[in-house]
Amino acid sequence: MKYEILGGGRVEAATPLEIVEALREIDLQWIHSVGVEDFMENMAEGCKMQTGAIVRTDSLVNFLHDLQAGGFITPVS
C-alpha cells in the first residue's frame, strides 16, 4: 500500500500497522507519542482541530479510512 500525505511526502508499507508507524515517523509533531494508539489519538485530535474531520481511532483500518476520507492521505499505485 502506498499513500501520498497531505502537505507532501509518501509512505509505503505492507500492513495498516506499518502505514501508521510510517506516518508517525514522518510527522515529527507527534514524535513524543508513546505508542501507535497514542499517536492515533493525537493525530485524530489534530485533524479535528484543523478541519473538523472526525477520525476514528478504534482500529487501524478505520483510522486509515477516515484519514483517506478527510483527504489527509491519498492512495497511489
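Everything quoted here is computed from the prediction, not taken from an experiment.

Novice: Would you take a moment to explain the nonpolar core for this structure?
Specialist: Within soluble globular proteins, side chains that are nonpolar generally end up buried alongside one another. Counting 21 residues, the largest nonpolar core has Leu 23, Phe 63, Leu 64 and Leu 67 as its most contacted members. If you list the elements that add at least two residues to this core, you get β1 (2-5), α1 (16-26), α2 (36-51) and α3 (60-69). Here the element with the most residues in this core is α2; it accounts for six residues. Non-local contacts of Phe 63, meaning those with residues more than four positions away in its chain, are made with Val 20, Phe 39, Met 40, Met 43, Val 55, Arg 56 and Thr 57.

Novice: Would you mind showing me how to read the packing of α1 against α3 here?
Specialist: For any two helices packed against each other, one specifies the crossing angle of their axes together with the interaxial distance. Close contact between α1 and α3 brings their axes to 9 Å; oriented N to C, the two are set at 55°. Put simply, α1 runs oblique to α3. In this structure, α1 crosses over α3, and the sense of that crossing is left-handed. Contact with α1, carried on its side by Pro 16, Leu 17, Ile 19, Val 20 and Leu 23, involves Leu 60, Val 61, Phe 63, Leu 64 and Leu 67 of α3 and no other residues of that element. A per-class count over the contact of α1 with α3 returns ten nonpolar, no polar and no charged.

Novice: When you look at the sheet that holds strand β2 (residues 10-12) in this model, what are you seeing that I'm missing?
Specialist: To summarise the sheet geometry, strands pair through backbone hydrogen bonds and adopt either a parallel or an antiparallel arrangement. Pairing in this open sheet of three strands is antiparallel, and the strands run β2-β1-β3 from one edge to the other. Across the chains shown, the open sheet's two edge strands, defined by having one partner strand only, are β2 and β3 (73-76). On average, each strand axis in the sheet is tilted by 30° relative to the strand beside it, whichever way the strands run. As judged from the three bridges shared by β1 and β2, these two strands associate in the antiparallel manner.

Novice: Would you take a moment to explain the environment of Glu 21 for this structure?
Specialist: As for its position among the elements, Glu 21 is in helix α1. With relative accessibility at 34%, the residue Glu 21 sits in the partly exposed group. Along the chain, Glu 21 and Val 36 lie 15 residues apart, while their C-alpha atoms are 6.8 Å from each other.

About the cut-offs
- Residues numbered from 1 in each chain as written.
- Predicted model: local features only at pLDDT ≥ 70, side-chain atom pairs only at ≥ 80, totals over all residues.
- Heavy atoms only, no water.
- Core = buried A, V, L, I, M, F, W, Y, C linked by side-chain atoms within 4.5 Å.
- Buried < 20%, exposed > 50% of the residue type's maximum accessible area, 1.4 Å probe, protein only.
- Helix = DSSP H or I, 4+ residues; strand = E, 2+ residues; numbered from the N terminus.
- Contact = heavy atoms within 4.5 Å.
- Axes fitted to C-alpha atoms, helices over the stretch in contact; angles between N-to-C directions.
- Parallel < 35°, antiparallel > 145°, perpendicular 65-115°, else oblique.
- Left-handed = near helix turned anticlockwise from the far one by under 90°.
- Nonpolar A, V, L, I, M, F, W, Y, C, P; charged D, E, K, R; others polar.
- Pairing = 2+ DSSP bridges.

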